[in-house]
Amino acid sequence: IVRDEHTTTTRPMLLVLSAFFFLYVGLEVGFSGWVHTYAEEIEFSDLAATWLTTAFWIGFTVGRLVSSAFGQRVRPKSLLTAACSVTMLAAGVLVVGDGRAAPVWIGSILMGLATAPQFPGMFTYLERRIQVTGGATAWFVGASGLGGLVFPWLIGQWLDTSGAAAVPWSMLLMSVMLLGSFALTNRRLGG
């Protein structure tokens, strides 16, 4: 069913919308893929690094469950704005914490909670504003896959040249870009 408020997508618009998925998956896969190494680099034991990774995924699971429970009560725009902002906060905690145990644990759990609702939330947001066709979905899935390839590699390169601080700083940069991408999407779609 096409509603009057749905916007027909153009290639430039699909490129803007796909940027969110590119950045989001890059951030999620980048953090989940490097958090264990980051923890070892800041001298967590192997067991503590494993538990930190587990804490991220527990936070992620809880974030998905909570967002699905409240999905019908909270507007997707509000959910995405809050989730992107908390992701930036989590990255900020990691940067400011500078490898100290408590901020690393808090930042990692917050990162899981905050990133979890973003992918499904963006699809819900877009379904209310554009005609999400198979072609549009292909753009989003393709951008997601590309983000999952590019950003973990970039983070690894930065980690090799600059050390452990590369992980929290890359998360902060990506979370700022992610929030900016959502703001641009929202503006473009008249949200």
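Residues numbered from 1 in each chain as written. Predicted model: local features only at pLDDT ≥ 70, side-chain atom pairs only at ≥ 80, totals over all residues. Heavy atoms only, no water.

(A) Highlighting the overall build of the protein chain. Looking only at helices and strands, one finds seven helices and zero strands in the protein chain. At 17 Å, the protein chain has a C-alpha radius of gyration in line with the 16 Å of a compact globule built from 191 residues. Across its three principal axes, the protein chain shows a C-alpha extent of roughly 55 × 35 × 25 Å. Within the protein chain, the fraction of its 191 residues that count as buried is 45%. Taking contacts inside the protein chain between residues at least 6 apart in sequence as the whole, the part at least 24 apart equals 82%. Carbon together with sulfur atoms contributes 66% to the accessible area of the protein chain, which is approximately 9,300 Å² in total. Averaged over its 11 positive side-chain charges, the protein chain has a centre that lies 20 Å from the centre of its 10 negative ones. (Helix = DSSP H or I, 4+ residues; strand = E, 2+ residues; numbered from the N terminus. Rg over C-alpha atoms; globule rule 2.2 N^0.38 Å. Buried < 20%, exposed > 50% of the residue type's maximum accessible area, 1.4 Å probe, protein only. Contact = heavy atoms within 4.5 Å. Areas by Shrake-Rupley, 256 points an atom, 1.4 Å probe, with all protein chains shown as cover. Lys, Arg positive; Asp, Glu negative; His and termini not counted. Charge placed at Lys NZ, Arg CZ, Asp CG, Glu CD.)

(B) Representation of unusual backbone geometry within the structure. The backbone of E43 shows a phi angle near 75°, a positive value even though the residue is not glycine. Note that E43 resides in the loop between α1 (11-41) and α2 (46-70). Despite not being glycine, D98 has its phi angle at roughly 50°, a positive value. By the secondary structure assignment, D98 is in the loop between α3 (76-97) and α4 (101-115).

(C) Seen up close, the layout of surface pockets. Here the largest pocket is characterised by a volume of approximately 220 Å³. Forming the walls of the largest pocket are 13 residues, and the residues nearest its centre are S67, G71, L79, P120 and T124. Elements supplying a minimum of two residues to the lining of the largest pocket: α2, α3 and α5 (118-127). Here the lining of the largest pocket is composed, by residue class, of five nonpolar, six polar and two charged. (1 Å grid on protein atoms, 1.4 Å probe; cavity = no way out; pocket = protein on both sides within 12 Å on 5 of 7 lines; lining within 4 Å. Points joined across faces, edges and corners; volume = space filled by probe spheres on them. Nonpolar A, V, L, I, M, F, W, Y, C, P; charged D, E, K, R; others polar.)

(D) Representation of the packing of aromatic side chains within the structure. Inspection of every chain in the model, using the stated rule, returns 16 aromatic pairs. Seen from their ring centres, F20 and F21 are 5.8 Å apart, and the 90° between their planes marks the pair as edge-to-face. With relative accessibility at 0%, the residue F20 sits in the buried group. Residue classification places F21 among the buried positions, given a relative accessible area of 0%. Following the ring pairs from residue to residue traces out a cluster consisting of F20, F21, Y24, F119, F123, Y125, F140 and F182. (Phe/Tyr/Trp six-rings, centres within 6.5 Å; stacked < 30°, edge-to-face > 60°.)

(E) How the structure looks around the packing of α5 against helix α7 (residues 166-188). The contact between α5 and α7 brings their axes to 12 Å, and the two run at 10°. Classed by the angle they form, the pair α5 and α7 counts as roughly parallel. Taken together, the residues of α7 that come into contact with α5 (itself represented by Q118, M122, Y125 and L126) are L178, F182, T185 and N186. By residue class, the composition of the contact of α5 with α7 is five nonpolar, three polar and no charged. (Axes fitted to C-alpha atoms, helices over the stretch in contact; angles between N-to-C directions. Parallel < 35°, antiparallel > 145°, perpendicular 65-115°, else oblique.)

(F) Summary view of the nonpolar core. With 48 residues, the main nonpolar core has F20, M111, L126 and F140 as its most contacted residues. Listing elements by their share of this core, those giving two or more residues are α1, α2, α3, α4, α5, α6 (134-162) and α7. Contact partners of F20, with chain neighbours within four places excluded, come to L80, C84, Q118, M122, L178, S181 and F182. (Core = buried A, V, L, I, M, F, W, Y, C linked by side-chain atoms within 4.5 Å.)

(G) Expanded view of the confidence of the model for the protein chain. Confidence along the protein chain averages 94 in pLDDT terms, with 96% of residues attaining 70 or more. Averaged pLDDT values for the elements of the protein chain fall to 94 in α5 and rise to 98 in α4. (pLDDT = per-residue confidence, 0-100.)

(H) Up close: a nonpolar patch on the surface. A surface patch of nonpolar side chains, amounting to about 530 Å² of accessible area, comprises I58, V62, V66, F70, V74, I109 and L113. Those elements giving two or more residues to the nonpolar patch turn out to be α2 and α4. When residues in the nonpolar patch are grouped by element, the largest group, four residues, is from α2. Tracing the backbone shows I109 in helix α4. (Patch = residues over 30% accessible without salt bridge, like charges linked within 9 Å, V, L, I, M, F, W, Y side chains within 5 Å. Salt bridge = Lys/Arg side-chain N within 4 Å of Asp/Glu carboxyl O.)

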